[in-house]
Amino acid sequence: MFNIRPLLSALVNRRLTLERIGGFYECFRMMSEGSRDEQTAKLLKRANEENEDSAERVQGTKRIKAEGENTDDEKKYPKKKVALLMAYSGKGYYGMQRNPGNSQFRTIEDDLVTALIKSGCIPENHGDEMKKMSFQRCARTDKGVSAAGQVVSLKVRLIDDITEKINEHLPAQIRVLGLKRVTQGFNSKNNCDGRTYSYMLPTVAFSPKDYDPGNIAAFRLEPETLQRVNRLFALYKGTHNFHNFTSQKAPNDPSARRYITEMSCGEPFICSNTEFAVIIVRGQSFMLHQIRKMIGLVIAVIKGYAKEEVMERSWGQEKVDVPKAPGLGLVLERVHFDRYNKRFGGDGLHERLEWDREEEVIKAFKEDHIYPTIVETECQEGSMVSWMSTLPIHDFEATATDPQDSKDQKQDNADAGNDSD
């Protein structure tokens with residue numbers, strides 16, 4: 001039977017150091033019924049930012065008439081801007097973001113939009129043009145990558161038992177775990193000011209390059225090696241030019257500069273007779289494949305394929321050949337809305353975008369769908385061991401002339417600046 005307790009303990013211990021948010025935000029006093037004039041003045045002052053419900057209903061009525069939607073449903077269930085908390089196992093999916101016209105590449109959003117239509121949350125014609133429902137996601141996770149705390153924003157009809165009805169039309173490996181009303185101008189991508197990921201990998205990834213990969217179950221990570229791993233991960237903290245950690249980014253592209261606040265590897269633990277460890281990384285935002293390449297380069301150094309100086313050189317001007325670790329172990333753990341919460345969380349009208357009440361169901365989903373998939377797939381298919389065999393073909397001394405993963409990037413050319421891993 002799959003034993004998840006060591007992993008949950010490791011993640012909880014790491015999270016305690018990452019999730020402290022300093023200070024307390026002073027809440028505005030609720031306005032009394034007798035001060036209607038003052039209440040009206042405050043609401044009008046906030047109208048440009050929030051587009052209050054009265055204006056929304058007028059605009060919504062015009063759209064309904066223009067699009068021929070069911071006006072009775074709209075009166076009973078007017079559209080409201082919400083944030084949905086999602087969790088999913090990425091195995092078998094080509095990432096989060098929908099690719100219209102490429103139905104053979106199934107994505108998480110394909111199934112989500114279908115469920116939204118079938119449950120009656122959005123009109124059918126919104127499925128073909130997601131801008132009509134103001135849809136946005138916090139992170140555009142890559143092929144095979146999972147999430148325990150993805151957040152999407154959109155306008156929906158607030159039907160009764162909305163999350164239950166959406167989930168009725170979703171596969172078991174995709175769940176909507178929570179819903180909160182947000183301001184009309186809220187955008188889950190633009191309002192997100194931090195993202196935390198975990199990466200679960202067998203510790204044999206940090207073995208010497210002459211270690212027999214067929215003996216994965218016998219490998220144990222030495223404390224001295226773990227210390228060196230964390231020393232290298234600590235070099236990523238701060239702001240660096242990560243143009244070598246994605247594709248088709250020029251060294252002088254301002255969007256390649258990213259800020260990392262935390263990156264470290266936790267203590268090893270045993271699952272299915274194999275030693276695993278979890279890497280935690282938090283930053284403002286990440287480019288496509290950035291986290292996997294950050295991990296891949298450290299593995300190459302630890303195994304002895306590259307010298308430590310390659311890390312400093314990698315965020316310099318020259319092109320460096322940076323290997324990309326497998327996507328299997330990467331999980332979007334949670335997204336952070338500190339600025340939004342400070343501005344709107346205490347105004348008496350909106351909820352803070354925090355999901356403490358959903359923690360138990362999040363843990364249950366990870367235990368049932370994410371971690372077993374990572375461990376079982378790794379033990380059966382050996383994605384990390386297979387990837388390790390490709391490290392000798394990389395030339396870490398010479399200047400790279402062509403991105404190694406250009407075939408994977410075609411769909412990202414038009415949106416290269418988005419968060420994705």
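Now for a quick tour of the structure. (Residues numbered from 1 in each chain as written. Predicted model: local features only at pLDDT ≥ 70, side-chain atom pairs only at ≥ 80, totals over all residues. Heavy atoms only, no water.)

1. Observations concerning the environment of K293
In step 1: Counting through the fold element by element, K293 comes out in helix α9 (residues 290–303).
In step 2: Since its relative accessible area comes to 5%, K293 is described here as buried.
In step 3: The sequence separation of K293 and K324 amounts to 31 residues, and the corresponding C-alpha distance is 4.3 Å. (Helix = DSSP H or I, 4+ residues; strand = E, 2+ residues; numbered from the N terminus. Buried < 20%, exposed > 50% of the residue type's maximum accessible area, 1.4 Å probe, protein only.)

2. Topic: the pattern of salt bridges
In step 1: All chains considered together, the criterion is met by 15 salt bridges.
In step 2: Here K249 makes a salt bridge to D253, at a shortest N to O gap of 3.7 Å.
In step 3: Residue K249 is classed as buried on the basis of its relative accessible area, which comes to 9%.
In step 4: Linking R334 and E359 is a salt bridge whose minimum nitrogen-to-oxygen distance equals 2.5 Å. With R334 in strand β10 (residues 330–336) and E359 in helix α12 (residues 359–381), this pair connects stretches of sequence that are 25 residues apart.
In step 5: If you follow the salt bridges from partner to partner, you end up with R228, R231 and E308 in one network. (Salt bridge = Lys/Arg side-chain N within 4 Å of Asp/Glu carboxyl O.)

3. Some details on the state of the cysteines
In a disulfide, the sulfur atoms of two cysteines are covalently bonded to one another.
In step 1: A full pass over the atoms with the stated rule returns zero disulfides.
In step 2: This cysteine, C379, is not joined by any disulfide, and C271 carries the nearest cysteine sulfur, 8.6 Å off. (Disulfide = S-S within 2.5 Å.)

4. A short note on unusual backbone geometry
In step 1: Within the chain, S134 stands out as a residue other than glycine whose phi angle is a positive 55°.
In step 2: You can see S134 is positioned in the loop between α6 (108–118) and β2 (136–137).
In step 3: Notably, Q248 is not glycine yet its phi reads approximately 60°, a positive angle.
In step 4: Among the residues examined, Q248 registers a relative accessible area of 47% and is labelled partly exposed.

5. Considerations on the packing of helix α8 (residues 223–234) against α9
In step 1: Contact geometry of α8 with α9 gives a least axis separation of 10 Å together with a crossing angle of 135°. Considering their axes alone, α8 and α9 lie oblique with respect to each other. Judged by the twist between their axes, the crossing of α8 over α9 is right-handed. Where α8 abuts α9, its residues T225, R228, V229, L232 and F233 lie against M294, I295, V298, V301 and I302.
In step 2: Each residue belonging to the contact of α8 with α9 can be placed in one class, and the counts come to eight nonpolar, one polar and one charged. (Axes fitted to C-alpha atoms, helices over the stretch in contact; angles between N-to-C directions. Parallel < 35°, antiparallel > 145°, perpendicular 65-115°, else oblique. Left-handed = near helix turned anticlockwise from the far one by under 90°. Contact = heavy atoms within 4.5 Å. Nonpolar A, V, L, I, M, F, W, Y, C, P; charged D, E, K, R; others polar.)

6. Here's the deal with α9
Each α-helix winds once per 3.6 residues, and so residues spaced three or four apart point in a common direction.
In step 1: Compared with the 20 Å implied by 1.5 Å per residue over 14 residues, the 20 Å span of α9 between its first and last C-alpha is a close match.
In step 2: Positive phi appears at G304, one or two residues downstream of α9, with a value of about 95°. (Expected span 1.5 Å × (residues − 1).)

7. A word on the pairing of strand β5 (residues 194–202)
In step 1: Burial of β5 is extensive: nine of the nine residues sit out of reach of the surface.
In step 2: By the bridge criterion, six bridges tie β5 to β10 in an arrangement that is antiparallel. Residue pairing across strands places T196 opposite R334, the latter belonging to β10.
In step 3: In this structure, β5 lies alongside strand β9 (residues 274–283), joined through eight bridges in antiparallel fashion. Within the sheet, the bridge partner assigned to T196 lies in β9 and is R282. (Pairing = 2+ DSSP bridges.)

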